[in-house]
Amino acid sequence: MSKPDPERYKLAADNRKARYSYAITETLEAGIALQGTEIKSLRGGRATIGESYAGPMGTELFLFNAHIPEYLEANRFNHDVRRPRKLLLHRRQIDKLMGAIQREGYTVIPLKVYFNDKGRAKVELGLGKGKKLHDKRETEKTRDWNRDKARILKTGG
């Protein structure tokens, strides 16, 4: 699936270390079932998904360990900040991801949480394998080289 256009959505949370720690092979967009106070807190943009992952619970796929802070104005009607949240996917997509997790040793990592143009909360999921230390060093080396190359080209010499 194509990447969402940054002009058309509002970013609520970003997992910047995911592409460094995992070799992402495929991305897809999923809806997420949230309570009212979670939506209000997400709109504030203080959520973190750096340590979260998606996994099966029964026949469904859930987002675990995502931290959406309490909405201060909700007092006693607030949500649990790290509760498992159901991901809204088609059955065929769920089966594909569960098969990749169980048979092939892949991990489903949330890359971004954002609001689409209709105002609905979406999660961009990445299917990938964990990188070894030498792969991480290679990624860092290419990133540094690209930064230096851009700097050289910008200065003209």
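So, here is what we can say about the structure in this document. (Residues numbered from 1 in each chain as written. Predicted model: local features only at pLDDT ≥ 70, side-chain atom pairs only at ≥ 80, totals over all residues. Heavy atoms only, no water.)

## Re the overall build of the chain
Here comes step 1: Across its full length, the chain holds four helices and seven strands.
Here comes step 2: Starting at the N terminus and walking to the C terminus, you meet the elements of the chain as β-α-β-α-β-β-β-α-β-β-α.
Here comes step 3: Projected onto the principal axes, the alpha-carbon positions of the chain cover approximately 60 × 40 × 25 Å.
Here comes step 4: Burial status across the chain gives 35% buried among its 157 residues.
Here comes step 5: In the chain, of all internal contacts separated by at least 6 residues, the share reaching a separation of at least 24 is 68%.
Here comes step 6: Looking at charge distribution, the chain has the averaged site of its 33 positive side-chain charges lying 0 Å from that of its 20 negative ones. (Helix = DSSP H or I, 4+ residues; strand = E, 2+ residues; numbered from the N terminus. Buried < 20%, exposed > 50% of the residue type's maximum accessible area, 1.4 Å probe, protein only. Contact = heavy atoms within 4.5 Å. Lys, Arg positive; Asp, Glu negative; His and termini not counted. Charge placed at Lys NZ, Arg CZ, Asp CG, Glu CD.)

## What about the side chain of His-79?
Here comes step 1: Within the secondary structure, His-79 sits in the loop between strand S4 (60–64) and strand S5 (85–88).
Here comes step 2: For His-79, a relative accessible area of 4% corresponds to the buried category.
Here comes step 3: A polar side-chain atom of His-79 sits 2.8 Å from a polar atom in the side chain of Thr-37.
Here comes step 4: Of note is the side chain of His-79, whose polar atom sits 3.0 Å from the backbone oxygen of Ile-68.
Here comes step 5: Contact partners of His-79, with chain neighbours within four places excluded, come to Gln-35, Thr-37, Glu-38, Ser-41, Ile-68, Pro-69, Glu-70, Tyr-71 and Arg-85. (Polar contact = N/O pair within 3.5 Å; in protein donor to acceptor, adjacent residues only side chain to side chain.)

## Observations regarding the packing of aromatic side chains
Here comes step 1: Tallied over the entire structure, the rule returns two aromatic pairs.
Here comes step 2: Between Phe-62 and Phe-64, the ring centres sit 6.4 Å apart and the planes meet at 35 degrees, which makes this aromatic pair tilted. The same class applies to Phe-62 and to Phe-64, which are both buried.
Here comes step 3: Three or more aromatic residues link up through ring pairs in this structure, and these residues are Tyr-53, Phe-62 and Phe-64.
Here comes step 4: Between the NZ or CZ atom of Arg-43 and the centre of the ring of Phe-115, over which it lies, the distance is 4.3 Å.
Here comes step 5: Directly above the aromatic system of Tyr-106 lies the positively charged group of Lys-129, at a separation of 5.2 Å from the ring centroid. (Phe/Tyr/Trp six-rings, centres within 6.5 Å; stacked < 30°, edge-to-face > 60°. Lys NZ or Arg CZ within 6 Å of the ring centre and 35° of its normal.)

## What to know about helix H2 (residues 36–43)
Here comes step 1: Those residues of H2 that fall on the buried side of the exposure criterion are Thr-37, Glu-38, Ser-41 and Leu-42. For H2, the buried positions fall inside an angular range of 135 degrees around the axis, keeping them on one side.
Here comes step 2: Buried residues belonging to H2 abut strand S1 (10–14), S5, strand S6 (107–115) and strand S7 (121–130).
Here comes step 3: Positive backbone phi, at 80 degrees, marks Gly-45, one or two positions downstream of H2. (Arc of directions from axis to C-beta.)

## Brief notes about the side chain of Lys-131
Here comes step 1: Note that Lys-131 resides in the loop between S7 and helix H4 (133–155).
Here comes step 2: Within the buried set, Lys-131 has no salt-bridge partner at all; the shortest N-O distance to an opposite charge, 7.2 Å, is to Asp-135.
Here comes step 3: A polar contact is formed between the side chain of Lys-131 and the side chain of Thr-139, at a distance of 2.7 Å.
Here comes step 4: Apart from the residues lying within four places of it in its own chain, the contact partners of Lys-131 are Arg-19, Tyr-20, Ser-21, Tyr-22, Ala-23, Lys-136 and Thr-139. (Salt bridge = Lys/Arg side-chain N within 4 Å of Asp/Glu carboxyl O.)

## Re the pairing of S4
Here comes step 1: Most of S4 is tucked away: four of the five residues are buried.
Here comes step 2: One ladder, built from five bridges, connects strand S3 (residues 53–57) with S4; its direction is antiparallel. The residue of S4 that forms the bridge with Gly-55 is Phe-62.
Here comes step 3: Counting the residues in the hairpin turn of S3 and S4 gives two residues, including Gly-58, whose phi is positive at 75 degrees.
Here comes step 4: Of the pairings in the sheet, the one linking S4 to S5 comprises two bridges and is antiparallel in character. When the sheet's bridge partners are listed, Leu-63 is paired in S5 with Arg-85. (Pairing = 2+ DSSP bridges.)

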